[in-house]
Amino acid sequence: MNDPHDERIILASRAIAKSQNPCCFSGAGLSAPSGVGTFRDPGDGWWSRHDPMKLASPDGFAEDPELVMKWYAARRIQMAHAQPNAGHLALACRPDIIQITQNTDDLLKRAGCDRLIQLHGDITSDRCHGNCGHVEHVDMSNPSLNRYCPACSVWGMRPTVTWFGESLPTAAWALAEEATLNCDLMLVVGTSAVVYPAAALIELASRAGATIVIINSESTAATPLADHELIGSAEEILPMLLGSG
Ligand code: BJW
């Protein structure tokens, strides 16, 4: 879908123009055109090649911390070389749109989005797994591997992200629920919408009467909730929808 005169684009653009309080809920597909891997795309998604419980869970970290930190190092280096794409930039041109993202990369931030809620944390820092509260910024082009916490000497430092079985950051979740309940339109961009509780925000917005506009390269678990579904790449569709393309 790359024609701004496509009727589906026109109708969705009108809904966005009418909205008083839009928000955006995004996932890995937003950053995919920047060269950042998704999780569930068949073939090249991380989870089609690796067991998520071994790489993104506290048990996986306890079992093989070296494997986990090597995987994060590879992703961090990939992200260090990535630049915000036209989708991130189109969203940044609309400061009225609150950004709720599952992405842990900093591409929305680097594009200029200030109203950003990161539900699954921030991969650009490490924190103490022993919960002493110590947090350190990571050099994304040269990330360190396993080490003890320099503040409390407990094993070990780990990415400040949310793994399976861990609760989402409390403040981020509260802000996301508030933004969802207050919005009258939610853009849902580049997410398979299968990871909870994040995906429940789409249901919450829909139940509260918001218009749901999905932009994704394929239909997803959230398709039944869509008032408008635009199948294609976020980097092409977002600039057309938001008037920056
Ligand atoms: C494009 C595109 C383009 C591509 N344009 N589109 C059984 C056991 C354990 C837990 C559970 C369980 N059953 C349920 C749970 C709960 C669990 C869960 O939801 N599991 C389901 C998957 C089954 N959730 C949790 O555990 C959460 N915590 C929680 O529930 O706490 C309460 C609790 C406490 C104690 C015990 C149990 C529960 C935490 C979830 C944490 C998710 N973490 C990850 C990785 C960490 C972050 C990181 O390292 O970066 O977060 S997993 C991964 O999935 C990542 C993502 O943020 C998240 C969502 O993925 P996303 O963004 O949707 O990506 P994809 O790849 O799935 O989809 C991309 C889409 O884009 C595709 O549709 C493409 O087609 C599309 N696309 N290119 C447009 N150019």
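Data block above holds the structure.
Everything numeric in this text was worked out from a predicted model, so none of it was measured.

Definitions and limits used
Residues numbered from 1 in each chain as written. Predicted model: local features only at pLDDT ≥ 70, side-chain atom pairs only at ≥ 80, totals over all residues. Heavy atoms only, no water. Helix = DSSP H or I, 4+ residues; strand = E, 2+ residues; numbered from the N terminus. Rg over C-alpha atoms; globule rule 2.2 N^0.38 Å. Buried < 20%, exposed > 50% of the residue type's maximum accessible area, 1.4 Å probe, protein only. Contact = heavy atoms within 4.5 Å. Areas by Shrake-Rupley, 256 points an atom, 1.4 Å probe, with all protein chains shown as cover. Lys, Arg positive; Asp, Glu negative; His and termini not counted. Charge placed at Lys NZ, Arg CZ, Asp CG, Glu CD. Core = buried A, V, L, I, M, F, W, Y, C linked by side-chain atoms within 4.5 Å. Near = heavy atom within 4 Å. Polar contact = N/O pair within 3.5 Å; in protein donor to acceptor, adjacent residues only side chain to side chain. Nonpolar A, V, L, I, M, F, W, Y, C, P; charged D, E, K, R; others polar. Domains from an automatic or database assignment.

Some details on the overall build of the chain
Now for step 1: In terms of regular secondary structure, the chain is built from eleven helices and nine strands.
Now for step 2: In terms of overall size, the chain behaves like a compact globule, its C-alpha atoms giving a radius of gyration of 18 Å where 245 residues would be expected to give roughly 18 Å.
Now for step 3: On the principal axes, the C-alpha backbone points of the chain span a range of 60 × 30 × 30 Å.
Now for step 4: By residue count, 49% of the 245 residues in the chain fall in the buried class.
Now for step 5: Residue pairs at least 24 apart in sequence account for 63% of intrachain contacts in the chain once pairs closer than 6 positions are excluded.
Now for step 6: When the accessible surface of the chain is summed, it comes to about 11,000 Å², and 52% of that surface belongs to carbon and sulfur atoms.
Now for step 7: The centroid of the 17 positive side-chain charges in the chain is displaced by 2 Å from the centroid of its 28 negative side-chain charges.

Comments concerning the nonpolar core
Now for step 1: By size, the foremost hydrophobic cluster in this structure holds 25 residues, and its most contacted members are L91, L187, I215, L238, L241 and L242.
Now for step 2: Where this core is concerned, the elements lending two or more residues are helix 1 (7–18), helix 7 (86–92), helix 8 (107–111), strand 7 (185–189), strand 8 (211–216) and helix 11 (234–241).
Now for step 3: Per-element accounting of this core gives the leading share, five residues, to helix 11.
Now for step 4: Look past the residues within four positions of L238 in its chain and what remains in contact with it is L30, G87, A90, L91, V189 and I215.
Now for step 5: Residues I98, L168, V188 and A222 belong to the second largest nonpolar core, which totals 24 residues.

Remarks on the site of the ligand
Now for step 1: Near the ligand lie 35 residues; those nearest to it are R40, Y72, T191, S192 and Y196.
Now for step 2: Taking F39, its main chain carries an N or O atom lying 2.8 Å from an oxygen atom of the ligand.
Now for step 3: Within the complex, the protein chains bury 76% of what would otherwise be the 1,500 Å² of accessible surface of the ligand.
Now for step 4: When residues of the shell around the ligand are traced back to their parent elements, those giving at least two are helix 2 (28–31) and helix 6 (65–80).
Now for step 5: Considered class by class, the residues forming the shell around the ligand number 14 nonpolar, 16 polar and five charged.
Now for step 6: Taken together, domain 1 (1–35 + 83–120 + 168–245) and domain 2 (37–81 + 122–161) each give at least three residues to the shell around the ligand, which thus spans both.

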